[in-house]
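Structure at a glance
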Amino acid sequence: MDQSVVDSYKLAKEMYARHGIDVDRVLEKLANIKVSIHCWQGDDVQGFLFKDESLSGGIAVTGSYPGRASTPTELRQDLEKALSLIPGKHKVNLHAIYADTDEKVDLDQLEPKHFANWVEWAKEQGLGLDFNPTCFSHPKADDGFTLSHPDASIRQFWIDHCKASRKIAEYFGKETGQTCVTNFWVPDGYKDIPVDRLAPRQRLKQSLDEIFAEPIDPKYNVDAVESKLFGIGSESYVVGSHEFYMGYSIANNKAFCLDAGHFHPTEVISNKISSILMYIDELLLHVSRPVRWDSDHVVIMDDELLDIARELVRGELLDRTHIGLDFFDGSINHVAAWVIGTRNTIKALLRAMLEPVEQLREAELNKDYTSRLAITEEFKSYPFGAVWDYYCATAGVPVREEWLQQVKTYEQEVLLKRV
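Predicted, not measured: the structure shown is a model, and the values here were computed from it.

Our focus in this paragraph is the pattern of salt bridges. This structure, assessed with the given rule, holds 25 salt bridges. A salt bridge links E214 to K167; its shortest N-O distance comes to 3.2 Å. Of this pair, E214 sits in the loop between helix 6 (198–211) and strand 6 (221–226) while K167 sits in helix 5 (residues 152–176), and the two are 47 residues apart along the sequence. On the basis of relative accessible area, E214 is assigned to the partly exposed category, the value being 44%. Here E235 makes a salt bridge to K191, at a shortest N to O gap of 3.4 Å. Pair noted here: E235 is in the loop between strand 6 and strand 7 (237–238) and K191 is in the loop between strand 5 (189–190) and helix 6, with a separation of 44 residues, a long-range link. Among the residues examined, E235 registers a relative accessible area of 36% and is labelled partly exposed. In the salt-bridge network here, residues are joined through shared partners; they are K167, E170, K174 and E214.

What follows is the structure, encoded as structure tokens:
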């Protein structure tokens, strides 16, 4: 290890220790946090089941950067490269359209066997797997409705797909030894103002009740439901609104998914975390970066990312929260996007853990708001970077921007040679 990294770390430890922060213990805790890395950044949300289908459901990927994965083997290869540049052991999040099979199979007929290669790979890599039904980019979703569809036969197709997804998730949990989180999101909604807002929500509730009727041991699978304010093609009305799914989560003991890009442009999910976890046992986060709308930019170290991390750390909510990423940028190197977003998410958690929370809490309780503000601001320039460098070095991954050259080399040797 570079001696300058060690020396900087020792100086940083001394500074943090003056405020009662045990940096070594912080790094031990950080190493146990798993981020669920979304597979769909690697291929622009194309998947492998229906390659002729265009994206739908309000999902759009812009950019045409060369080298995106076009087979399960290529996608796993790219994920391995990204994971080799990210400290810690994590999870990979799959959508149903990423089945690895030569069999022609529709979504409602998917089985665990269609994901056996993913499971074997995850076990070899020591990774957990998460899952999502794919309720978009399919002919039966062309009119923008799935689980709330007025046509009972189409609605049943999607119900059967979601049931199959839960069985696949259970298989993931049993095989990997790590709980699989299965997230349910549907694009259902109207572009213009509807007459009947109630009936689609009644149908969605009935569909969800049928999907979740079969109990699955939460040791293997945890179900989560995800809300959205609006989307492309559903600007005026989304069936699965925040209020709908929050109520459903509380009433049915389901995890609740907060996506950073699924709310009003001036609304943030960091301010919702503590309230929701007062009434719901588990939370799923889709960490993204919205720009004006749900544009799913690569996660950067912005104020909202830091505030999300601080809420989880200050409230001691990490054990009840599943952290997943959800962005898809086709304008930059696909592997680099994973590395940037994941490293930033972990780095934000580290920064939050390196704050003197008890000191700040005491100042707040004593109405010493001057000290609260002063200390909070001073800690923004504390040497967390030195701690991060040491953490990366001890984890055997590149320090600072050294990882970028490895990605550039991989691009030349692998990505640009793909047809």
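There is a patch of like negative charges on the surface, built from D2, D7, E401 and E402. On the secondary structure map, E401 appears in the loop between helix 13 (384–395) and helix 14 (402–413). A relative accessible area of 59% means that E401 is categorised as exposed.

The next thing to look at is the environment of W388. Along the chain, W388 turns up in helix 13. For W388, a relative accessible area of 3% puts it in the buried group. For the pair W388 and S241, spaced 147 residues apart in sequence, the C-alpha separation works out to 38 Å.

The buried count for strand 8 (residues 255–259) comes to five of five residues, which makes it a mostly enclosed element. Alternating positions in strand 8 separate into two faces, A255, C257 and D259 on one and F256 and L258 on the other, with burial throughout. Across three bridges, the pairing between strand 6 and strand 8 is parallel. Pairing of E226 across the sheet is with C257, part of strand 8.

Although it is not a glycine, R292 sits at a positive phi angle of roughly 70°. The residue R292 is located in the loop between strand 10 (289–291) and strand 11 (293–297) in this model.

Every buried residue belonging to helix 2 (residues 23–31) is among V23, V26, L27 and L30, and all of these are buried. The arc that holds the buried residues of helix 2, viewed along the axis, is 95°, so those residues lie on one side. Turned more than 90 degrees off the buried face of helix 2, the exposed positions are R25 and E28. Buried residues along helix 2 sit against helix 1 (3–17), helix 10 (334–353) and helix 13.

Geometry of a packed helix pair, given as the angle between the helix axes and the separation of the axes. Where helix 9 (residues 303–314) meets helix 10, the axes come as close as 8 Å, and the angle between the chain directions of the two elements is 50°. In this view, helix 9 runs oblique relative to helix 10, as classed from their interaxial angle. Helix 9 and helix 10 meet at a crossing whose hand is right-handed. Together, L305, L306, A309, R310, L312 and V313 of helix 9 and N344, T345, A348, L349, R351, A352 and M353 of helix 10 make up the contact between the two elements. Its residues assigned to classes, the contact of helix 9 with helix 10 comprises nine nonpolar, two polar and two charged.

Our focus in this paragraph is the environment of G67. Checked against the element boundaries, G67 lands in the loop between strand 1 (35–38) and helix 3 (72–83). On the basis of relative accessibility, which here comes to 15%, the residue G67 falls in the buried class. Taking the C-alpha atoms as reference points, G67 and V414, separated by 347 residues in sequence, lie 7.9 Å from one another. The contact partners of G67, leaving out residues within four places of it in the chain, are D78, L415 and R418.

Parameters at a glance
Residues numbered from 1 in each chain as written. Predicted model: local features only at pLDDT ≥ 70, side-chain atom pairs only at ≥ 80, totals over all residues. Heavy atoms only, no water. Salt bridge = Lys/Arg side-chain N within 4 Å of Asp/Glu carboxyl O. Helix = DSSP H or I, 4+ residues; strand = E, 2+ residues; numbered from the N terminus. Buried < 20%, exposed > 50% of the residue type's maximum accessible area, 1.4 Å probe, protein only. Patch = residues over 30% accessible without salt bridge, like charges linked within 9 Å, V, L, I, M, F, W, Y side chains within 5 Å. Areas by Shrake-Rupley, 256 points an atom, 1.4 Å probe, with all protein chains shown as cover. Lys, Arg positive; Asp, Glu negative; His and termini not counted. Charge placed at Lys NZ, Arg CZ, Asp CG, Glu CD. Pairing = 2+ DSSP bridges. Arc of directions from axis to C-beta. Contact = heavy atoms within 4.5 Å. Axes fitted to C-alpha atoms, helices over the stretch in contact; angles between N-to-C directions. Parallel < 35°, antiparallel > 145°, perpendicular 65-115°, else oblique. Left-handed = near helix turned anticlockwise from the far one by under 90°. Nonpolar A, V, L, I, M, F, W, Y, C, P; charged D, E, K, R; others polar.

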